[in-house]
Amino acid sequence: MFRTVRLSRVTIQCPEELISPVMTVLGELRLLHLIRIEETHLGRMGFVAHVDREQLGRYQDLLARIRRLLDGLRPAAPLPQITTIPRPDREHFRIGEILARIEKRVLPVLGEEEQARQRLAADTEVLERLRLLEPADLDFDRLSALHYAVWTAGLLPEENLDRLEESLSDVYHVLVPVQKKEGRFVLVAMALEDDREVLGRALKSGFLEPLDLPSDLAGPVSANIGRLAGQLRDLEDRLALLDQQRQALAEEYGEALLEAREKAILCSQLLRAQEKFGAIDHSFIITGWMPVDLFADLKEKIDQATAGRALVDQVDPETIREVRAGTLRIPILFNNPLLLRPFEKFTTLYGTPMYGEVEPTMFLAVSFLVLFGMMFGDVGQGAVLAAAGYAIFRRLFRFMDYGVILMECGVSSMVFGLLYGSVFGFEDLLPPLWMHPMKNIDSFMKVSILLGIGIISLGFACNVVNLLRQGKYGDLLSASGLAGALFYWLMAGLGVRYMLAGAPGHGEILSAGIVLALLLAVMLLQKPVRRLLLRLRGRNRTQGLTKGLGLSLFESLIEVGDEILRYLANTVSFVRVAAFGLTHAALFMAVFSLADMVRGAHGRGFSYWLIIAVGNLVIILLEGMVVSIQTLRLEYYEFFSRFFRGGGRPFRPILTSSEDAGTTSTGGTHQ
Amino acid sequence: MLLAAARYSFANARVRALRSKRLSGEDFYFLLQADDLAGLLAYLATTSYGHVRPDLPLRSVQRHLFTTLFTHYHKIAGSLRHAAGRRVILALFARFEAENLKILLRGIAAGHDHAVTDPLLYPLGPLSTLAWERLSECATPEELIRALEGSAFARPLAHAMAQYQAGGAIPPLEAALDLAAFRHLAGAVAALAGRSDRKAARRVLGGYVDILNCLWVIRLRVHFGLSPEEIVNYSLPGGRDISLRDLHRLAKADTVARFIARLPTGMAARLGSLRDWPEFRPALQSMLLRLLRRTLASFPFHVGVEAGYLLEKEMEIRAVITIMEARAQGLAPETVAERLPAALLRESPHV
């Protein structure tokens, strides 16, 4: 839990014809982080495999066909879980067969639906245009019977009418403004057949937008409107019928289509993964990182799938030259319990730990919940947060992790609410199991400081572990190492002794002073001494020459001084836990003061409860956000900064879900 | 009159101060006589355009010259205490916004990136409230119209879209922008409260529109070969002495003599000596310049003074740019002078 999953480097060598079953096994195990062959010795020698473009193309075509069907059917089926990983070289036959069967039933319905929709849109547009001409009630039969005159209808900006009149003044013409519509006249213009071109030029330059009515209209405008409205009703009925058919088909084939899509995506991913493989003659080489515990299982399955014709090998990362040289980094696979897993987001927001570094998610999660609860302790408000978190967890899949965090924060808030005896700010409903913060400000502050000392100490401990794991034993003597930790603990011990039992005795102060002085001397001198030793050994000569011992000592003095000041600042920083806890209680007091004023005037009626409810809501939103930010700030600046170096790379399994692949445009719901 | 004086005295004083820096006939003489473009720019540096850096490319120098004009617009609009008068000045300024929008539309039609079109835009400064950054990034006329929502240009452009979509060419949109800008100007003049103020503004700006319309008729008829009915529809609103009917008659004139005969009597008398179409431009510009100078020399408390000064300044800058481009092409001073309004070259430096 406090360290990431132990990984080993796995290398698989198999004949070309067996690559598909091997990839299927890798897909089933999922937990393999492929190493690009170019990053290895073999890859640099040019033994790189290539993606099978032909097969990949087949899956792209299949995915396009599936997408068309899903877009049309819009099924509401849940996303299927693929338990058996398909073989990319064979699966396209199966998917193709399924699709052909579905398309035979579905495409005619979708095609007809699309046609009906297009017709509906076109007819609706014509109807809208005809309605513009309704006040004039033109008769299209009479207009089309004209032999010596031409006519046109359109929308003319109203300010252009005078100029249009003038521009046509040399020819016989009629301009009939039918009605006004959004700053334009609906205009019917007529002129003699001989003046058709003049009329056309004038209307065009007058910015007339023609109505573009179909040529087959006959009879009065009103009759056409009635006819079209009837057609539209028929079309809508037909569409409703087609929609029912579509829904039935979606129910029948939705699951199969979603499963086919998932499998096609998996196969595409497996095929794409080939670009990370190596190839020598007619055999493939796959290399990647995998949890040590899974290796036996992998070897057994590959042996089964290839009848023992594949070589599977495991190497300890420490023995790999590229890892030692730092050119190849081991990825990080987190290993936290289900309830703490969402907090990995907060860890990675700060940085990804290096392989071998302490993985702090567990500490972060526990301390986050304690700090949040202390600052936001209230049974009622905690229950609201937990309910909101549950709603997010159930309904918003993408934000499920945040839903879990919110639920846990809510529970923590409820626990501290019980300790403080607070329910939506009412402090007389439950007896406090611990104390009322506003009545015990001194104690609350002391507890906050003690909590801070605990968290900072944990940071020191993590740093010491990191230094030991990385073999940086010399740094243990530094102000951020073991010497610094001892110095801090001794100072903190004296402080706690003073807070709990009064001033320490002379003997205690003298002995503590001697130890502190010794530790200070160690912290101050460790760097110059190490540098001197290096110089004497003849190593790092350049640095030794450019930086003298005096300068080195001065630098060390500033570093140690800075670090000791940071101990103090970081510890004092935890007073904010008490401050925000008190602010929370003070905000309640403000809300209740307002409500009491209203009660004085109108009694304990609707207004009183409304103020309590709105006040609580404001506190939840405002204080909840502020407390979250402050907690995260304490975690990052006071805790993580003590030991967290970061710079690692996350583990990327060979297969990701279709969500990650970015292909779920429509269809399918998560459960 | 006291009210008019209170409204316009400060702006008027500012106009007089700004006008004292205009180029004299002597300045134009030396600009025309400069040996080359470098010599011209060196002389220009000794005038009120001394801030223009001669080491910049020609296009940048021209932009700098217009910066002066837009600074003057800003100063004058800021010194007008009368809201309706200020609106007239802003409406006059909106012509340049329309010009910039035309440049953007041409850029869109040519498929140019905004990095290409941006340097071509007039540097309008803080007086323009349009979101130029957003407008520059528009990739289609439809996007541009959406970005102009709420301005005087959005609706006319939207109404011209049908013509643009039918023909796939930008000119209908450009014409719509011009019409919108001048309709906005005519509306601002009509909204002036005082009768004398309105009358004076109509005299200056209506006269300006009349002259522009004459030039447009000639350009559309002679150079573009448009029909009279099209020319009437593309004519600018807000003219004073030339009605729509007059413009229609002018558009049908097929010779210079007939064109002159159909002009209002006063204009016809002044232009009677012209024999060819190219002679109209400098002659009409001279006529406009005389109108502006008369306005600036007469009763001072109306918005016509501010508008007149800004039009005069614009003409001065355009004349300088014409000289620059002509000199860059190596044209002789006499040839260049023929293309400029004679009244400008005879300008005295006195206020």
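Residues numbered from 1 in each chain as written. Chains lettered and ligands numbered in written order. Predicted model: local features only at pLDDT ≥ 70, side-chain atom pairs only at ≥ 80, totals over all residues. Heavy atoms only, no water.

Focus: the nonpolar core
The biggest cluster of nonpolar side chains holds 126 residues, and the ones touching the most others in it are Tyr73(B), Leu101(B), Phe153(B) and Phe280(B). Broken down by element, this core gets its largest block of residues, 14 residues, from helix H17 (residues 303-328) of chain B. Residues within four places of Tyr73(B) in sequence aside, it is in contact with Ile89(B), Leu92(B), Phe93(B), Arg95(B), Phe96(B), Leu127(B), Leu310(B) and Glu314(B). Grouped together as the second largest cluster of nonpolar side chains are 53 residues, Met435(A), Ile449(A), Tyr488(A) and Phe644(A) included. (Core = buried A, V, L, I, M, F, W, Y, C linked by side-chain atoms within 4.5 Å. Buried < 20%, exposed > 50% of the residue type's maximum accessible area, 1.4 Å probe, protein only. Helix = DSSP H or I, 4+ residues; strand = E, 2+ residues; numbered from the N terminus. Contact = heavy atoms within 4.5 Å.)

Quick notes on the environment of Pro300(B)
Inspection of the secondary structure puts Pro300(B) in the loop between helix H16 (280-297) and H17. Pro300(B) sits 26 residues away from Leu274(B) along the chain, and the two C-alpha atoms are 34 Å apart.

Topic: the domain arrangement of chain A
Residue and element names in this part refer to chain A. Taken domain by domain, chain A consists of domain 1 (1-49 + 277-333), domain 2 (51-127 + 229-269), domain 3 (138-219) and domain 4 (342-648). Spacing between the C-alpha centres of domain 1 and domain 2 amounts to 38 Å. Contacts between the two partners involve 8 residues from domain 1, matched on the other side by 9 residues from domain 2. Carbon and sulfur atoms make up 57% of the area that domain 1 and domain 2 hide from each other, which totals about 590 Å². (Domains from an automatic or database assignment. Buried area = accessible area lost by both parts, 1.4 Å probe.)

Considering the pairing of strand E8 (residues 283-291) of chain A
Residue and element names in this part refer to chain A. In terms of burial, E8 is a largely internal element, 9 of the 9 residues being buried. Residue alternation in E8 divides its side chains into two sets, Ser283, Ile285, Thr287, Trp289 and Pro291 and Phe284, Ile286, Gly288 and Met290, and both sets are buried. Both strand E1 (residues 7-15) and E8 contribute to a ladder of 9 bridges, which runs antiparallel. In the sheet register, Ser8 faces E8, and the bridge partner there is Met290. Sheet topology note: the strand E2 (residues 33-34)/E8 ladder contains 2 bridges and is antiparallel. Within E8, the residue paired with His33 across the bridge is Trp289. Bridging between strand E7 (residues 278-280) and E8 involves 3 bridges; their strand directions are antiparallel. Each residue of the ladder has a partner; that of Ile280, found in E8, is Ser283. The antiparallel pairing of E7 with E8 creates a hairpin that spans 2 residues between the two strands, and Asp281 there sits at a positive phi of about 50°. (Pairing = 2+ DSSP bridges.)

Here's the deal with the interface of chain B and chain A
Taken together, the contacts link 23 residues of chain B with 23 residues of chain A. Carbon and sulfur atoms supply 53% of the area buried between chain B and chain A, which totals about 2000 Å² over both sides. Summed over the three residues of chain B that lose the most area to chain A, namely His159(B), Gln163(B) and Asn233(B), the buried surface amounts to 33% of that side. Along the contact surface separating chain B from chain A lie 4 salt bridges. (Salt bridge = Lys/Arg side-chain N within 4 Å of Asp/Glu carboxyl O.)

Re the packing of aromatic side chains
All names here are of chain A. Overall, the coordinates contain 45 aromatic pairs over all chains when judged by the stated rule. Between Phe372 and Phe376, the aromatic rings sit 5.4 Å apart at their centres with planes inclined by 40°, giving tilted as the arrangement. Each member of the pair, Phe372 together with Phe376, is buried. Centre to centre, the rings of Phe460 and Trp489 are 6.5 Å apart; their planes meet at 70°, and the pair counts as edge-to-face. Note that Phe460 is positioned in helix H15 (residues 441-470) and Trp489 in helix H16 (residues 482-501), a separation of 29 residues in sequence. (Phe/Tyr/Trp six-rings, centres within 6.5 Å; stacked < 30°, edge-to-face > 60°.)

Some points on helix H12 (residues 361-375) of chain A
An ideal rise of 1.5 Å per residue puts 21 Å on 15 residues; H12(A) measures up with 21 Å between its terminal C-alpha atoms. The element H12(A) is largely enclosed, with a buried count of 12 among its 15 residues. (Expected span 1.5 Å × (residues − 1).)

Here's the deal with the environment of Glu359(A)
Residues and elements named next belong to chain A. Counting through the fold element by element, Glu359 comes out in the loop between helix H11 (344-350) and H12. Separated by 72 residues in sequence, Glu359 and Thr287 place their C-alpha atoms 25 Å apart. Among the polar contacts listed, one links the side chain of Glu359 to the side chain of Thr361, at a separation of 2.3 Å. (Polar contact = N/O pair within 3.5 Å; in protein donor to acceptor, adjacent residues only side chain to side chain.)

Some points on the environment of Phe93(B)
All names here are of chain B. Along the chain, Phe93 falls in helix H5 (residues 83-110). Look at Phe93 and you get buried, because its relative accessible area is 1%. Along the chain, Phe93 and Tyr8 lie 85 residues apart, while their C-alpha atoms are 19 Å from each other. Ignoring sequence-local partners within four residues, the contact set of Phe93 consists of Phe70, Tyr73, Leu124, Leu127 and Ser128.

Focus on the packing of helix H11 (residues 195-223) of chain B against H16(B)
Residues and elements named next belong to chain B. Two elements in contact, H11 and H16, have axes whose closest approach is 10 Å; the angle formed by their N-to-C orientations is 180°. One finds that H11 runs roughly antiparallel with respect to H16. Packed against H11, whose contacting residues are Arg203, Val204, Gly207, Tyr208, Ile211, Cys214, Leu215 and Ile218, the element H16 presents Phe280, Arg281, Leu284, Met287, Leu288, Leu291, Leu292 and Thr295 at the interface. Here the residues of the contact of H11 with H16 are counted per class, giving 12 nonpolar, 2 polar and 2 charged. (Axes fitted to C-alpha atoms, helices over the stretch in contact; angles between N-to-C directions. Parallel < 35°, antiparallel > 145°, perpendicular 65-115°, else oblique. Nonpolar A, V, L, I, M, F, W, Y, C, P; charged D, E, K, R; others polar.)

Some words on the pattern of salt bridges
Residues and elements named next belong to chain A. Taken as a whole and assessed by the stated rule, the structure comprises 42 salt bridges over all chains. Across the salt bridge formed by Asp89 and Arg87, the nearest N and O atoms sit 2.9 Å from each other. For Asp89, a relative accessible area of 24% gives the class partly exposed. Taking relative accessible area as the criterion, Arg87 reaches 28% and is therefore assigned partly exposed.

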